[in-house]
Structure formats: C-alpha cells, structure tokens
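Residue-level structural notes
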Amino acid sequence: MPLGGHAGPAIWTVADGRAGILNQVKALRAALEEPERAARLAHIRSGAHRAAPLILQPHGFQVNLKPNLWPAPFAALPEDQRELLTPPWPDLWIAAGRRSIPYSSRMRRITRGKTMVVQTQDPKVPLGPFDLVIPPEHDGLAGKKVFPILGAPTWFAADKVSEAQNRFASLKAEAGQKILVSLGGDSRTHTFSEDTAGAIETVLEGLAPGRRLWITVSRRTPQHARMRFRATAQRIGAVFWENEQRDGPNPYLAFLSMCDVALVTEDSANMISDPAFFAKPIYMLKLAGHSKRFDRMHKGFIDRGVARWFGSRLETWNYPPLREAARAADEIVRLMLERHPR
C-alpha cells in the first residue's frame, strides 16, 4: 500500500456520454461512496483519484469492429481524451457502453493487474480481461465473473434526495394522488408512434380528475410526443418537464421520490429501475414494437412485485426498495478487499 495519497481507492468511471450509460457508472460509484462501504475501503490509499467521469468518444474505422478486435483503440480517441488515459492508474475502473470495452479490455494488462476492471451490461466479448461483469438478468449472461442484477444499477444518495425534496416541496403539498409519468421514446426495438402517443394521452386524461400528474420526457422522446404531452399537461393541469431551458430546474428526482405511483413506458431498464429504487408501484405502458430480451426484463420486474402492465385501474402495492446498485457495490467491495486486505 502506498504511503501517500488520499484515503480510499481511486475510482475511474468511464462512459461515452450517453445519459443512460453514464448514469449506470455514476450510480455504482455513488453506492460505493456511501459511508459504510467507503469505510471498509478507507485503508486503501491512492494518488490517482478523479472525481469527474471519463467520457471516451472514439471515432474512425475501429468503431465498426467488434470491441475486442480494435487494433489501436487509443489512436481512435481525440487527443484530449487520449491524454486522460495516463498513469497513475486507478485501483478501480468502472465502465459502461460498447465503446468503452476496448479500453476496459486493456486496462489490466496496462496496469499489470493493479486495476480492478468492472464492466456493466453484457460486453458480448470474451470475459477474460474483466474482473467483474454486471449485466442485467434479462441478458442471460452467466459465469464466474458475472454478477447479474434486475434492471439497471440505480442509486440516489440520501442528501441529493433531501435536497430535491426541499427544492420542490410545493409539489408534495399539492392535493390528490401524485402520479409520475415517465415517457421514453424510439429505440432499436420500440417506437413511440403517433397512435401510441394518442393511446397514452387517453390514459392520462382518464386519470387526471382528482389526481396530480407529473410528466417528464427523455432524450429519445420524438418531437410529436413532446408537443402532444406538453399540450396535454396544460389541458389537464399536469406538470410537464422537458428541459431546463424551457421548464426550469430538473424536478425528476423529486418526482421519483415524492410520487405515489409511476407510469413508465416499457422501453428503458433505467426508467423502470429509477422509481423502483424508492419502492413506488410501477405501471408499464406499451409502445409499438417487441423484443424477447425486453420481455424477459418486464417479467423480471413483474415477478419481483415491482411492476405491472397498465390496464384500466390504478392501484397501489408495497415491495422492498430495489437497490441493485447496492448489491453490486457490495460485491465490488468484497473483491476489492480480497486484493487489499486490511
């Protein structure tokens, strides 16, 4: 163990900048930095700490190859990003996203095994270069180095939740049942069609009397749906949030933590996992499209008592908060302590 440096292991979180991917590595880091886990690793000292995530955005012909076949991944990075990948190296590397894989795959070799390499999702390459892979259960990946979780790793620190609730306290004071409506969008497997938007609009209109709806959209929500639901919100007296430029500070964390029920489109593990962190009853809303992989994901949430498909009635139920990032963080701590015993 080095004599100098900051207490606790140096953790580098690595992603490509996409919000859903970045949120996964940030969630795992936040769970690891909770006081109880941080205390277990405080004896590790490092001079390689970095607070900000590393955003790696390679370009060129290599991005069209399988991630384990890139001949020169560092050459694919812009110079400013390439300069970030220099020693001193971290104790723990947590990465997500297909384009992070070529760099994760080389990290153990570059650091001669010093760095523990964790990859979220299924990398779809041989697992030899990784110390731990954290895929969603619905990917069906298994193996000695694999730690499957339900949905996405999600974590919201208690101080951030309290801050959001205080900032948006007026929302909680509103009369009636509070319903979060979290709308996704187009993806490889699902489409937010005009017909689907119309069907969801009818659902929201039916739920509005006597209730308060908080509607938010994602980066993937098509423009026609953004326009439709902004107008719907005005008509039925709902809150609508799209971005800070138009709608002010982001109330999403307040929505999640203070709603009574969540309605979430079916197309995102992150969007379903977020209200599950707070043990909110979740109704999933159908989009156009189909995927056997997503079918398995939906079944996992339903079997765990987290979610149901929306029909015509709105009920509430209880289940333990879904804290999969915490389970994964505990496994990372266990493996780190094997490397760095007290």
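This is a predicted model, so every value here is computed, not measured. (Residues numbered from 1 in each chain as written. Predicted model: local features only at pLDDT ≥ 70, side-chain atom pairs only at ≥ 80, totals over all residues. Heavy atoms only, no water.)

**Quick look at the overall build of the protein**
Worth spelling out the cut-off: Think of it this way: any DSSP run of H or I at least four residues long counts as a helix, any run of E at least two long counts as a strand, and we number them from the N terminus. The globule rule used for comparison is 2.2 Å times the number of residues to the exponent 0.38, while the radius of gyration itself is calculated over C-alpha atoms. For the exposure calls, accessible area comes from a 1.4 Å probe over protein chains only, and a residue counts as buried if that area is under 20% of its type's maximum, exposed if over 50%, partly exposed in between. The contact rule is simple, with two residues in contact once any of their heavy atoms fall within 4.5 Å. Surface accessibility in these figures is a Shrake-Rupley result with a 1.4 Å probe; residues are shielded only by whichever protein chains are displayed.
Scanning the protein from terminus to terminus reveals 13 helices and 15 strands. What you see for the protein is a C-alpha radius of gyration of 21 Å, in line with the 20 Å of a compact globule of 342 residues. Reported as C-alpha extents along the three principal axes, the dimensions of the protein are approximately 65 × 45 × 40 Å. Across the 342 residues in the protein, those meeting the buried criterion constitute 54%. For the protein, the share of sequence-separated contacts (at least 6 apart) that also reach a separation of at least 24 residues comes to 69%. In the form shown here, the protein has an accessible surface area of approximately 15,700 Å², with 52% of it arising from carbon and sulfur atoms.

**Considering the sheet that holds strand β5 (residues 92-95)**
Across a sheet, strands are paired by hydrogen bonds formed along the backbone, either parallel or antiparallel in direction. Worth spelling out the cut-off: Being paired, for any two strands, means DSSP has found at least two bridges between them. All axes are obtained by fitting lines to C-alpha atoms, using only the stretch in contact for helices, and the reported angles, taken between N-to-C directions, cover 0 to 180 degrees.
Here five strands make up an open sheet; going across it, the order is β4-β2-β5-β6-β7 and the pairing parallel. Looking at which strands have only one partner, the edges of the open sheet turn out to be β4 (54-55) and β7 (132-134). Here four bridges tie β5 to strand β6 (residues 116-120), and the two strands are oriented parallel to one another. Bridging from a neighbouring strand, Trp93 pairs with Val117 of β6. Where helix α4 (residues 101-110) meets the sheet, its contacts fall on β5 and β6, and the angle it forms with β6 comes to roughly 155°.

**Side note on helix α8 (residues 223-236)**
Put simply, the rule is: One fewer than the residue count of a helix, multiplied by 1.5 Å, yields its expected span. When we speak of the arc, we mean the arc of directions from the helix axis to the C-beta atoms.
With 14 residues, α8 should reach 20 Å at 1.5 Å per residue; the first-to-last C-alpha distance of 20 Å fits that figure. Ala225, Arg226, Phe229, Arg230, Thr232 and Ala233 are the residues of α8 that are buried. The arc that holds every buried residue of α8, seen down its axis, measures 160°, which confines them to one face. In α8, the exposed residues that point more than 90 degrees away from the buried face are Met227 and Gln234. Structurally, α8 contributes buried residues whose contacts are with β8 (177-183), α7 (194-207), β10 (211-217), β11 (239-241) and α9 (244-247).

**Details of the packing of aromatic side chains**
Basically, it comes down to this: Side-chain rings of Phe, Tyr and Trp, where Trp is taken by its six-membered ring, are said to pair if the distance between their centres is within 6.5 Å; with planes under 30 degrees apart they count as stacked, over 60 as edge-to-face, and otherwise as tilted.
Counted according to the given criterion, the structure contains twelve aromatic pairs. The interplanar angle of 20° and the centroid separation of 5.5 Å between the aromatic rings of Phe156 and Phe278 together place this pair among those described as stacked. With a gap of 122 residues between them, Phe156 in the loop between β7 and α5 (158-167) and Phe278 in the loop between α11 (269-277) and β13 (282-285) connect regions that are remote in the sequence. Pair check on accessibility: Phe156 and Phe278 agree, each one buried. Ring centres of Tyr283 and Trp317 lie 5.3 Å apart, and the angle between their planes is 85°; this geometry places the pair in the edge-to-face category.

**Quick notes on the pairing of β5**
Threshold: Here a crossover is taken to be right-handed if, once the strands point away from the viewer, the path from the first strand over the helix to the second is traced clockwise.
Burial along β5 is two-sided: the residues Leu92 and Ile94 and Trp93 and Ala95 are all buried. Where strand β2 (residues 11-15) lies against β5, four bridges are found, and the strand directions are parallel. Looking at β5, one finds that Ile11 is bridged to Leu92. Tracing the backbone out of β5, into α4 and back to the parallel element β6 gives a crossover that is right-handed.

**Description of α7**
Taking 1.5 Å per residue as the helical rise, α7 with its 14 residues ought to reach 20 Å, and the 20 Å between its terminal C-alpha atoms agrees with that figure. Within the sequence span of α7, burial applies to Thr196, Ala197, Gly198, Ile200, Glu201, Leu204 and Leu207.

**Some thoughts on the nonpolar core**
This is how the line gets drawn: To qualify as a nonpolar core, a set must consist of buried Ala, Val, Leu, Ile, Met, Phe, Trp, Tyr and Cys residues joined through side-chain atoms within 4.5 Å.
Ranked by size, the top nonpolar core spans 89 residues in total, and within it Leu92, Ile215, Phe229, Leu263, Ile282 and Ile332 carry the most contacts. For this core, the element with the most residues is helix α13 (residues 324-339), which contributes nine residues. Beyond its immediate sequence surroundings of up to four residues, Ile282 is in contact with Ala262, Val264, Ile272, Pro275, Ala276, Val306, Ala307, Arg308, Trp317 and Tyr319. Residues Val14, Leu85, Trp89 and Met107 belong to the second largest nonpolar core, which totals 21 residues.

**Let's talk about the packing of α7 against α8**
Stated precisely, the cut-off is as follows: When describing relative orientation, an angle under 35 degrees is termed roughly parallel and one over 145 degrees roughly antiparallel, while 65 to 115 degrees is termed roughly perpendicular and anything else oblique. With the far helix as reference, a near helix turned anticlockwise by less than a right angle produces a left-handed crossing, and one turned clockwise produces a right-handed crossing.
Relative to each other, α7 and α8 sit at 15°, their axes nearing to 11 Å. Comparing their axes, α8 and α7 come out roughly parallel. Considering the relative orientation of α7 and α8, their crossing is right-handed. Of the residues in α8, those touching α7 at Glu194, Ala197, Gly198, Ile200, Glu201, Leu204 and Glu205 are His224, Arg228, Phe229, Thr232, Arg235 and Ile236.

**Some words on the pattern of salt bridges**
Rules: Between Lys or Arg on one side and Asp or Glu on the other, a salt bridge is scored when a side-chain nitrogen of the former is within 4 Å of a carboxyl oxygen of the latter.
Applying the stated criterion to the full structure yields 24 salt bridges. Between Arg220 and Asp267 there is a salt bridge; the shortest N-O distance is 2.7 Å. Placement of Arg220 in the loop between β10 and α8 and of Asp267 in the loop between β12 (261-265) and α11 is noted, with a sequence separation of 47 residues between them. Judged by relative accessible area, Asp267 falls into the buried class, the value being 5%.

**Focus on the pairing of β2**
The buried count for β2 comes to five of five residues, which makes it a mostly enclosed element. On β2, burial covers both faces: Ile11, Thr13 and Ala15 on one face and Trp12 and Val14 on the other are all buried. Of the strand pairs in this sheet, β2 and β4 are connected by two bridges, and their pairing is parallel. Counterpart to Val14 in the pairing with β4 is Leu54.

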